[in-house]
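Structural overview for review
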Amino acid sequence: MLELRNVSKWFGGLPALQDVSFRIPRGQVTALIGPNGAGKSTLINCISGVDNAQAGSIRLARRPVEALPAHDIAALGVARTFQNLKLFGRLTVLDNVLTGLTVAAERSFIISMLRLPGLRHEERQLRLRALDALDDFGLSRKAQWPASALSYGEKKRVEMARAFVSDPRLVLLDEPVAGLNADETARIARHIRRQRGAGHTMLLVEHDMALVMDVADQVVVLDSGRCIACGDPADVRSNPLVLEAYLGRMEATA
Ligand SMILES: Nc1ncnc2c1ncn2[C@@H]1O[C@H](COP(=O)(O)OP(=O)(O)O)[C@@H](O)[C@H]1O
Ligand SMILES: [Mg+2]
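Because the structure is predicted, anything quoted here is derived from the model rather than measured.

Once that is clear, we can look at the site of ligand 1. The immediate surroundings of ligand 1 are formed by Phe 11, Ala 16, Pro 35, Asn 36, Gly 37, Ala 38, Gly 39, Lys 40, Ser 41 and Thr 42. A distance of 2.8 Å separates an oxygen atom of ligand 1 from a polar atom in the backbone of Gly 37. Interatomic distance of 2.5 Å between a side-chain N/O atom of Thr 42 and an oxygen atom of ligand 1. A total of 560 Å² of accessible area belongs to ligand 1 in isolation, and the protein chains cover 54% of it.

Set out below in structure tokens:
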């Protein structure tokens, strides 16, 4: 589904990503792990077009996308969540999820501008899809609440509903359980497993190794912007380079 080749990115002369290459197979969950500052969010930003890689190529279903802006990449079927929530606090939960259907919603807006028939029907269809997505994530009762009134865990679920509502080809999840308690973490893990069962292709940035080992088909390890390991979860977990760079350090600080 996605192929990265020698993706590199610098911030003010300092490398954040150096020659990162790996593939995300269709219908699989790829976990992206690595210590803080390894470049995980930067990579997600480059894939989603929020930022642009300065070197290397990114292909989505064989199509080069590394130079495209975020809007075009979203239109090609790449959806994401953010490590730091990005919801519209004053909008309702339902309207936040509707923003995940921007491409469809823009079409509906154009139809309304032109006063074409079919607007009502189109709008109703979009709302039904958004309500369905909220239902999937256990939030339909709060569809009309302002997003700002939700708990942190619920906001994380709204972001996931917004990412999945468009039935995207690839979903990028940046630390979906960070900051959540055990119950909320288990709940999100169930949602990720279910979306995986539904055949969604995902790139999951996650520190929770139990979750990674549970849901990932493939694990990619970044350290200081470099991909130091990539492969089967069990192999990666026992890779000495990974233990040294990541797990050892985690245990040392635990
Ligand atoms: N907008 C930015 N400007 C300058 N440096 C940045 C910016 N975003 C990230 N960085 C730097 O790039 C490196 C990778 O950061 P990031 O991708 O956020 O890591 P991770 O998500 O793995 O914790 C870090 O050294 C970070 O300080
Ligand atoms: Mg990050």
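From this point on, the discussion continues.
So, about the environment of Gly 34. Along the chain, the position of Gly 34 falls in the loop between β3 (29-33) and α1 (40-48). Using a relative accessible area of 0% as the deciding quantity, one classes Gly 34 as buried.

Let us now look at the coordination of the magnesium ion (ligand 2). Six octahedral donors around a metal ideally subtend angles of 90 or 180 degrees, whereas four tetrahedral donors ideally subtend 109.5 degrees. Coordination of the magnesium ion (ligand 2) by the protein comes from Ser 41 (OG) and Gln 83 (OE1), over a distance range of 2.1 Å. Taken as a pair, Ser 41 in helix α1 and Gln 83 in the loop between β6 (78-80) and α3 (93-98) lie far apart in primary sequence, 42 residues in all. Assessed through its relative accessible area of 23%, Ser 41 is described here as partly exposed.

Moving on, we get to the pairing of strand β8 (residues 201-205). Where burial is concerned, most of β8 is hidden: five out of the five residues are buried. Side chains Thr 201, Leu 203 and Val 205 project from β8 onto one buried face, and the interleaved Met 202 and Leu 204 project onto a second face that is buried too. Bridge analysis of β3 against β8 gives four bridges, and the strand direction is parallel. Opposite Thr 30, over in β8, you have Leu 203 as the bridge partner. Inspection of the sheet shows strand β7 (residues 170-174) paired to β8 by five bridges, in the parallel sense. What sits directly across from Leu 172, in β8, is Leu 203. With respect to chirality, the unit in which β7 leads through helix α7 (residues 182-197) into the neighbouring parallel β8 is right-handed.

With that settled, the discussion passes to the environment of Asn 6. Along the chain, Asn 6 turns up in strand β1 (residues 2-11). Relative accessible area serves as the criterion here: at 38%, Asn 6 is assigned to the partly exposed category. Spatially, the C-alpha atom of Asn 6 lies 8.9 Å from that of Ile 58, the residues being 52 residues apart in sequence. Setting aside its immediate chain neighbours within four residues, Asn 6 contacts Asp 19, Val 20, Ser 21, Ala 55 and Gly 56.

This paragraph deals with unusual backbone geometry. Excluding glycine, a negative phi dihedral is what most residues carry, and trans is how most peptide bonds are arranged. We note that Asn 6 has phi near 50 degrees; this positive angle belongs to a residue other than glycine. Positive phi outside glycine occurs at Ala 61, with the angle close to 45 degrees.

One pass over the structure, following the stated rule, counts one aromatic pair. Aromatic side chains Phe 137 and Phe 164 sit 5.9 Å apart centroid to centroid with 25 degrees between the ring planes, which places their arrangement in the stacked category. Here Phe 137 is found in the loop between α5 (119-136) and α6 (152-164), whereas its partner Phe 164 is found in helix α6, with 27 residues between them in sequence. Note on Phe 137: relative accessible area 1%, which makes it buried. The ring of Phe 82 carries the charged tip of Arg 80 above its face, separated from the ring centre by 3.9 Å.

Attention now goes to the pattern of salt bridges. Scanning all chains against the criterion turns up seven salt bridges. The shortest N-O distance in the salt bridge between Asp 217 and Arg 196 comes to 2.8 Å. With a gap of 21 residues between them, Asp 217 in the loop between α8 (209-215) and β9 (218-223) and Arg 196 in helix α7 connect regions that are remote in the sequence. Here Arg 196 falls in the partly exposed class, since its relative accessible area comes to 30%. What you see here is one network of salt bridges that share partners, running through Glu 3, Arg 5 and Arg 23.

Each value, and the rule that gives it
Residues numbered from 1 in each chain as written. Chains lettered and ligands numbered in written order. Predicted model: local features only at pLDDT ≥ 70, side-chain atom pairs only at ≥ 80, totals over all residues. Heavy atoms only, no water. Near = heavy atom within 4 Å. Polar contact = N/O pair within 3.5 Å; in protein donor to acceptor, adjacent residues only side chain to side chain. Areas by Shrake-Rupley, 256 points an atom, 1.4 Å probe, with all protein chains shown as cover. Helix = DSSP H or I, 4+ residues; strand = E, 2+ residues; numbered from the N terminus. Buried < 20%, exposed > 50% of the residue type's maximum accessible area, 1.4 Å probe, protein only. Donors = N, O, S within 2.8 Å, 3.2 Å for Na, K, Ca; no water. Pairing = 2+ DSSP bridges. Right-handed = clockwise from strand over helix to strand, strands pointing away. Contact = heavy atoms within 4.5 Å. Phe/Tyr/Trp six-rings, centres within 6.5 Å; stacked < 30°, edge-to-face > 60°. Lys NZ or Arg CZ within 6 Å of the ring centre and 35° of its normal. Salt bridge = Lys/Arg side-chain N within 4 Å of Asp/Glu carboxyl O.

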